[in-house]
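Spelled out, the chains give:
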Amino acid sequence: MPAQVGAVKVVSISSSSIFNIGDVYAMAPESSAKTFAGGGSFNTGDGISINLSNSTTYVNDEDTIDQSTINSDDI
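Structural notes, computed from the coordinates. None of the values given here were measured: they were computed from a predicted structure. (Residues numbered from 1 in each chain as written. Predicted model: local features only at pLDDT ≥ 70, side-chain atom pairs only at ≥ 80, totals over all residues. Heavy atoms only, no water.)

### Some details on the overall build of the protein chain
Note the following rule: Numbering of helices and strands starts at the N terminus; helices are DSSP runs of H or I of at least 4 residues and strands are runs of E of at least 2. With a 1.4 Å probe rolled over the protein chains alone, any residue whose accessible area is under 20% of its type maximum counts as buried; one over 50% counts as exposed, and the rest are partly exposed. Where accessible areas are quoted, they stem from the Shrake-Rupley method and a 1.4 Å probe; at the residue level, only the protein chains shown are allowed to cover.
Scanning the protein chain for helices and strands turns up zero helices and zero strands. Expressed as a percentage of the 75 residues in the protein chain, the buried residues total 0%. Put simply, the protein chain shows about 7,300 Å² of open surface, and 46% of that area lies on carbon and sulfur atoms.

Right, dumping it as structure tokens:
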């Protein structure tokens, strides 16, 4: 059955979002990310004390693509 849609206001859409108005069979958003961080970067909680002295994060990424987000149906 066709959809009847009134006024629509889009404030923002992020990079891995889907915006659809009306009928749809299937939706499958895909995204990937790589995060580099030094020691102790993702510690959370109350009263954490970290002493890393001279902490350095070396990043040497020679790969062009680490994980492809291309849908196998598109190939």
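### Examining the environment of G22
Threshold: Between two residues, a contact is recorded if the distance between any of their heavy atoms is within 4.5 Å.
For G22, a relative accessible area of 34% gives the class partly exposed. Remark: the alpha-carbon pair of G22 and Q4, spanning 18 residues in sequence, is separated by 7.4 Å. Leaving out residues up to four positions away in the same chain, G22 has contacts with A3 and V5.

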